[in-house]
Amino acid sequence: MSNASCLIKMIKRMILLGMILCIVIAAGIIVLEYIVAGNTVITYKIEIWIEACQTVDFFLPLLVSVLFVPLVYIQKKDGFIKYATIRNRKFVIYEYVAIILSVFIIVFIAYYIPLIVSLKIITVQIVEEQSNLSEYVFGNWQIHHPYIFGIIWCVWKGIIAAIFTMAGCIIMLLIDNMFVATMFSFMYCMSENFITATLQIPKYSIMTSYVLNRLSPTCMHIWNYCVGMLVFILVCGIVIIACRIFNIKQVEGCEE
């Protein structure tokens, strides 16, 4: 089997598994959209989607990790990864590329479909003529080009979700604790959000990176969407290196 065929086969297997997650996320957001539309003052229909997504966003790092990290754990535990790597040294790379693409596709679809529902189907119950949406960094795009903005934002959210999942999967290869690896991204987000809130710098929180219009317009700048994610990647790199060094020392200690 060629490398491309192997990768495509892995992606198909991941997507079939992930469609359950996609349906759960999309259904959850749509239900929340109807709740928001019925009891919240709205000016633009995209605001329904924005409000509904914020609740699901809280659990996003956990949702994407809980599906794929245990899969890597099971493959590692039963020796499948070791066996597959012997036959194909690039197996782990293909496996992780398949996970990245699968998570990206799942999150993109799961968030974009509810956007279409909010814009085309849901009726707003309480309408207000004034809104501060235009004051946000991407406010005018959200108002005048909601479908295009939705594509861009869902791509960005898909990338972040893939990074969350990859962090857990890589850590899973270095430790034997499935719970810690699965919960890593979620617990990091919660802890980091608490710390930045305590220090009164929530604009640099990772939650601000992927929760749209989370703070007031005066607090938000375009770089605030990147800082939290870059810090997360840096911290993950440090954790992975530390785990790697610890494993090497354990092996050296056993040999002695």
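Please refer to the structure placed before this passage.
This write-up is about the structure you can find in this document. Note that residues are indexed from 1 along each chain, following the sequence as it is written. Note on the predicted model: pLDDT of at least 70 is required for a residue's local features to be given, and 80 or more for side-chain atom pairs to be given and counted; whole-chain, interface and lining totals, by contrast, use all residues. Note that water and hydrogens are dropped before the side-chain values are worked out from all heavy atoms of the structure.

A word on the environment of Ile-121. Numbered from the N terminus, helices here are DSSP runs of H or I no shorter than four residues, and strands are runs of E no shorter than two. Mapped onto the secondary structure, Ile-121 falls in the loop between helix 4 (91-120) and strand 2 (126-127). Through-space distance from the C-alpha of Ile-121 to that of Lys-45 is 10.0 Å; in sequence the pair is 76 residues apart. Setting aside residues no more than four positions away along its own chain, Ile-121 makes contact with Tyr-34 and Ile-116. Contacts between residues were defined by any pair of non-hydrogen atoms, one from each residue, lying within 4.5 Å.

What follows concerns the packing of aromatic side chains. Any two aromatic rings considered together are summarised by their centre-to-centre distance and by the angle between their planes. Classification of ring pairs rests on two measures: the distance between centres of Phe, Tyr or Trp rings, Trp counted by its six-membered ring, which must be within 6.5 Å, and the angle between planes, read as stacked under 30 degrees, edge-to-face over 60 and tilted in between. Applying the stated criterion to the full structure yields 13 aromatic pairs. Between Phe-59 and Phe-186, the aromatic rings sit 6.5 Å apart at their centres with planes inclined by 10°, giving stacked as the arrangement. A residue pair is termed long-range when its members are at least 10 positions apart, and Phe-59 in helix 2 (residues 46-77) and Phe-186 in helix 7 (residues 178-198) qualify at 127 residues. We classify Phe-59 as partly exposed; its relative accessible area is 40%. Pairing Phe-164 with Tyr-210 gives two aromatic rings, centres 5.6 Å apart and planes at 80°, and the pair type is edge-to-face. Per-residue accessibility, obtained with a 1.4 Å probe over protein chains only, is compared with the maximum for each type, and a residue is labelled buried under 20%, exposed over 50%, and partly exposed between these values.

What follows deals with helix 2. Side chains of residues three or four places apart in an α-helix project in the same direction, reflecting 3.6 residues per turn. With 32 residues, helix 2 extends 45 Å from end C-alpha to end C-alpha; this agrees with the ideal 46 Å at 1.5 Å per step. The reported bend at a residue is simply the angle between two axes, fitted to the 7 residues ending at it and to the 7 residues beginning with it. Along helix 2, the sharpest change in direction is near 55° and occurs at Phe-59; proline Pro-61 comes one to four residues later. Expected helix span is given by 1.5 Å per residue-to-residue step, counting one fewer step than there are residues.

Turning next to a nonpolar patch on the surface. Note on patches: the residues involved have over 30% relative accessible area and no salt bridge, like charges join within 9 Å, and the nonpolar side chains Val, Leu, Ile, Met, Phe, Trp and Tyr join within 5 Å. To measure how exposed things are, a 1.4 Å probe is used in the Shrake-Rupley method; for residues, cover is taken only from the protein chains shown. Basic side-chain nitrogens of Lys or Arg form a salt bridge, by our definition, when they fall within 4 Å of a carboxyl oxygen of Asp or Glu. Taken together, the side chains of Leu-101, Ile-105, Ile-109 and Ile-113 present a nonpolar region at the surface, about 270 Å² in accessible area. With respect to the helices, strands and loops of the structure, Leu-101 is situated in helix 4.

Our focus in this paragraph is helix 7. With 21 residues, helix 7 should cover 30 Å at 1.5 Å per step; its first-to-last C-alpha distance of 30 Å lies within 8% of that length. Where helix 7 bends most, at Phe-184, the angle is about 50°. Listing the buried residues of helix 7 in full gives Ala-181, Thr-182, Met-183, Phe-184, Ser-185, Phe-186, Tyr-188, Cys-189, Glu-192 and Thr-196. A distance of 3.1 Å separates the backbone nitrogen of Phe-179 from a side-chain oxygen at the start of helix 7, and that oxygen is part of Asn-177. Under this definition, polar contacts are N or O atom pairs within 3.5 Å; protein pairs additionally need one hydrogen-donor-capable and one acceptor-capable atom, and for neighbouring residues in sequence, both atoms have to be side-chain atoms.

For side chains of opposite charge, pairing can occur when their charged atoms come near one another. Under the defined criterion, the tally for this structure stands at one salt bridge. Residue Lys-157 pairs with Asp-57 through a salt bridge whose shortest N-O separation is 3.0 Å. Linking Lys-157 in helix 6 (residues 146-174) with Asp-57 in helix 2, this pair joins segments that are 100 residues apart in sequence. Across the pair, Asp-57 and Lys-157 agree in class, each one buried.

In this analysis, axes come from line fits to C-alpha atoms, helices being fitted only over the stretch in contact, and the angle between any two N-to-C directions falls in the range 0 to 180 degrees. The geometry of helix 2 relative to helix 7 is characterised by a closest axis approach of 8 Å and an angle of 160° between their N-to-C directions. In terms of orientation, helix 2 and helix 7 fall into the roughly antiparallel class. Once helix 2 is placed against helix 7, the crossing between them reads as right-handed. Together, Phe-58, Phe-59, Pro-61, Leu-62, Ser-65, Val-66, Val-69, Pro-70 and Tyr-73 of helix 2 and Met-178, Ala-181, Thr-182, Met-183, Ser-185, Phe-186, Cys-189 and Met-190 of helix 7 make up the contact between the two elements. Reported orientations rely on four angle classes, namely roughly parallel under 35 degrees, roughly antiparallel over 145, roughly perpendicular from 65 to 115, and oblique for the rest. Handedness of a helix crossing follows the sense of rotation of the near helix relative to the far helix, less than a right angle counterclockwise being left-handed and clockwise being right-handed.

Moving on to the environment of Val-92. Relative to the helices and strands, Val-92 resides in helix 4. The exposure class of Val-92 is partly exposed, given its relative accessible area of 23%. Here the alpha-carbon distance between Val-92 and Val-72, two residues 20 residues apart in the chain, equals 9.8 Å.

The next point concerns the side chain of Glu-95. In this fold, Glu-95 is placed in helix 4. Those residues within four positions of Glu-95 in sequence are excluded, and the remaining contacts are Met-10, Arg-13, Met-14 and Gln-75.

Scope: geometric values only; no functional claims are made or implied.
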